[in-house]
Amino acid sequence: MNLEELTKTFDFTGRSIVITGGAGILGGEMACALVGCNASVAILDRNLVLAENLVKRFETNRGRHLVVCCDVLKKDTLEEAARRIVAEFGRVDCLVNCAGGNNPRATTGGDLSFFTLPEEALRFVLDLNLLGTILPSQVFGKYMAEQKKGVILNISSMNALRPLTRIPAYSAAKASVSNFTQWLAVHMAQEYSPSIRVNAVAPGFFLTEQNRFLLTDKQTGALTKRGQKIIEHTPVGRFGQPGDLLGAVLWLLSPMSEFVTGVVLPIDGGFSAYSGV
Ligand SMILES: NC(=O)c1ccc[n+]([C@@H]2O[C@H](COP(=O)([O-])OP(=O)(O)OC[C@H]3O[C@@H](n4cnc5c(N)ncnc54)[C@H](OP(=O)(O)O)[C@@H]3O)[C@@H](O)[C@H]2O)c1
């Protein structure tokens, strides 16, 4: 489905949606689609230059947007962001926890074995992906608990289902994001309201800044052996494009999925279904 078809299918008029890491490649694509569907979108990121460039892509006659500088690992900046968003948009209907990623120093290979991966790099990856999902869920989930309504969407990964080689912290962190998604779905429904839903998408392989060094050769741009293996193991035969996530993301944020909570949905061109034989 292209963007025009998606924006005709989904209408988020009057709904306020927060995207952490919203200036990044995947979060930015979601922000564009949601503004196109008339949502009020708050882009939370620490990279304001990227955020301002993203805003130039928005359709001017649709939706609303707000850029807020925020670090998902600093609760005071999240709380300040929440106050600004509520002052501007009146409420928070959805949270997309998109800030996350790996780090080359937490990746085995070259000068780094598993035994020498620096502790600070491991901690960085574990914190960014897991705590960086839990802390915004605490801050924005509280507003949803008070409203007795809301949707949280986390971003897990293929490596949560079965770990990928070389990236132990990232694999463990994303497995924790999937586990936390199920935990929070049950907790919100039982303790606050069955109208608060929590789900995740598990993207397969999308060529972005954080994995480009693993999947393509810096000099030539050709696929690395790892990149080639991934394509061979993906029945659809290609990497994902950011737009491939949109149908599932809009559906999970919309009332069309109101009986869906606690799921982790693979969007991977069939990677997780293929045994390799
Ligand atoms: N790309 C893939 O193939 C793939 C596959 C599965 C899952 N994912 C997940 O999808 C999500 C988005 O990934 P992406 O590929 O779009 O990566 P990206 O382009 O690097 O986007 C991540 C964004 O989050 C921001 N960010 C990082 N740390 C932050 C912090 N502490 N506080 C606030 N913002 C912060 C980054 O800003 P800076 O530029 O300042 O770092 C960046 O704008 C991540 O959770 C990633 O793990 C990606």
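The sections below set out a description of the structure shown in this document.

The rules behind these values
Residues numbered from 1 in each chain as written. Predicted model: local features only at pLDDT ≥ 70, side-chain atom pairs only at ≥ 80, totals over all residues. Heavy atoms only, no water. Salt bridge = Lys/Arg side-chain N within 4 Å of Asp/Glu carboxyl O. Buried < 20%, exposed > 50% of the residue type's maximum accessible area, 1.4 Å probe, protein only. Axes fitted to C-alpha atoms, helices over the stretch in contact; angles between N-to-C directions. Helix = DSSP H or I, 4+ residues; strand = E, 2+ residues; numbered from the N terminus. Parallel < 35°, antiparallel > 145°, perpendicular 65-115°, else oblique. Left-handed = near helix turned anticlockwise from the far one by under 90°. Contact = heavy atoms within 4.5 Å. Core = buried A, V, L, I, M, F, W, Y, C linked by side-chain atoms within 4.5 Å. Expected span 1.5 Å × (residues − 1). Arc of directions from axis to C-beta. Near = heavy atom within 4 Å. Polar contact = N/O pair within 3.5 Å; in protein donor to acceptor, adjacent residues only side chain to side chain. Areas by Shrake-Rupley, 256 points an atom, 1.4 Å probe, with all protein chains shown as cover. Nonpolar A, V, L, I, M, F, W, Y, C, P; charged D, E, K, R; others polar. Pairing = 2+ DSSP bridges. Right-handed = clockwise from strand over helix to strand, strands pointing away.

**A look at the pattern of salt bridges**
Part 1 of the argument: Taken as a whole and judged by the stated rule, the model has nine salt bridges.
Part 2 of the argument: Between Arg 91 and Asp 93 there is a salt bridge; the shortest N-O distance is 2.8 Å.
Part 3 of the argument: Here Arg 238 makes a salt bridge to Asp 244, at a shortest N to O gap of 2.8 Å.
Part 4 of the argument: Judged by its relative accessible area of 38%, Arg 238 is partly exposed.

**A few points about the packing of helix α2 (residues 25–36) against helix α9 (residues 246–253)**
The relative placement of two packed helices comes down to the angle between their axes together with the axis-to-axis distance.
Part 1 of the argument: Contact geometry of α2 with α9 gives a least axis separation of 11 Å together with a crossing angle of 60°. For the element pair α2 / α9, the angle class is oblique. You can see that α2 and α9 cross each other, and the crossing is right-handed. Here Glu 29, Met 30, Ala 33 and Leu 34 of α2 come into contact with α9, specifically with Leu 246, Val 249, Leu 250 and Leu 253.

**Some details on the side chain of Ser 171**
Part 1 of the argument: On the secondary structure map, Ser 171 appears in helix α6 (residues 168–191).
Part 2 of the argument: Taking relative accessible area as the criterion, Ser 171 reaches 5% and is therefore assigned buried.

**A word on the nonpolar core**
Part 1 of the argument: The biggest cluster of nonpolar side chains holds 39 residues, and the ones touching the most others in it are Phe 12, Ile 19, Met 30, Leu 34, Ile 43 and Leu 253.
Part 2 of the argument: Counting residues per element, the ones that place at least two in this core are β1 (16–20), α2, β2 (40–45), α3 (48–55), β4 (94–97), β5 (150–155) and α9.
Part 3 of the argument: Counting residues per element, this core draws most heavily on α2, at seven residues.
Part 4 of the argument: Beyond its immediate chain neighbours, meaning those up to four positions away, Ile 43 contacts Ile 19, Gly 22, Ala 23, Ala 31, Ala 51, Leu 54, Val 55, Phe 58, Leu 66, Val 67 and Val 68.

**Looking at helix α4 (residues 75–89)**
Part 1 of the argument: With 15 residues, α4 should reach 21 Å at 1.5 Å per residue; the first-to-last C-alpha distance of 21 Å fits that figure.
Part 2 of the argument: If you check which residues of α4 are buried, you get Leu 78, Ala 81, Ala 82, Ile 85 and Phe 89. Viewed end-on, α4 has its buried residues packed into an arc of 105°, placing them on one side of the element. Exposed and oriented more than 90 degrees from the buried face of α4 are Asp 76 and Ala 87.
Part 3 of the argument: Residues of α4 that are buried make contact with β1, β2, β3 (64–69) and α5 (119–147).

**As for the site of the ligand**
Part 1 of the argument: The immediate surroundings of the ligand are formed by 29 residues, with Leu 26, Asp 45, Tyr 170, Phe 206 and Gln 210 found nearest.
Part 2 of the argument: At 3.4 Å from an oxygen atom of the ligand is found a main-chain nitrogen or oxygen belonging to Gly 24.
Part 3 of the argument: Separating an oxygen atom of the ligand from a backbone N or O atom of Phe 206 is a distance of 2.8 Å.
Part 4 of the argument: Here the ligand loses 89% of its free accessible area of 890 Å² to cover by the protein chains.
Part 5 of the argument: Residue assignment for the shell around the ligand shows that the elements contributing at least two residues are α2, α5, α6 and α7 (209–215).
Part 6 of the argument: A per-class count over the shell around the ligand returns 13 nonpolar, 12 polar and four charged.

**Details of the pairing of strand β6 (residues 196–203)**
Part 1 of the argument: Among the eight residues that make up β6, eight are buried, leaving the element largely enclosed by the rest of the structure.
Part 2 of the argument: Burial along β6 is two-sided: Ile 196, Val 198, Ala 200 and Ala 202 facing one way and Arg 197, Asn 199, Val 201 and Pro 203 facing the other are all buried.
Part 3 of the argument: Relative to β6, β5 runs parallel, the two being bridged by six bridges. Paired with Gly 150 across the bridge in β6 is Ile 196.
Part 4 of the argument: Taken together, β5, α6 and β6 form a β-α-β motif whose crossover is right-handed.

**Some details on the environment of Asn 211**
Part 1 of the argument: Mapping Asn 211 onto the fold places it in helix α7.
Part 2 of the argument: For Asn 211, a relative accessible area of 16% puts it in the buried group.
Part 3 of the argument: Of note is the side chain of Asn 211, whose polar atom sits 2.7 Å from the backbone oxygen of Phe 206.

**Some details on the packing of α5 against α6**
Part 1 of the argument: One way to put it is that α5 packs onto α6 with a least axis distance of 8 Å and a crossing angle of 15°. With respect to α6, the axis of α5 lies roughly parallel. In the packing of α5 onto α6, the handedness of the crossing is right-handed. For the pair formed by α5 and α6, the contact residues are Leu 122, Val 125, Leu 126, Asn 129, Leu 130, Thr 133, Ile 134, Ser 137 and Gly 141 on the first element and Ala 169, Tyr 170, Ala 172, Ala 173, Lys 174, Ser 176, Val 177, Phe 180, Leu 184 and Met 188 on the second.
Part 2 of the argument: Partitioned by chemical class, the residues of the contact of α5 with α6 number 13 nonpolar, five polar and one charged.

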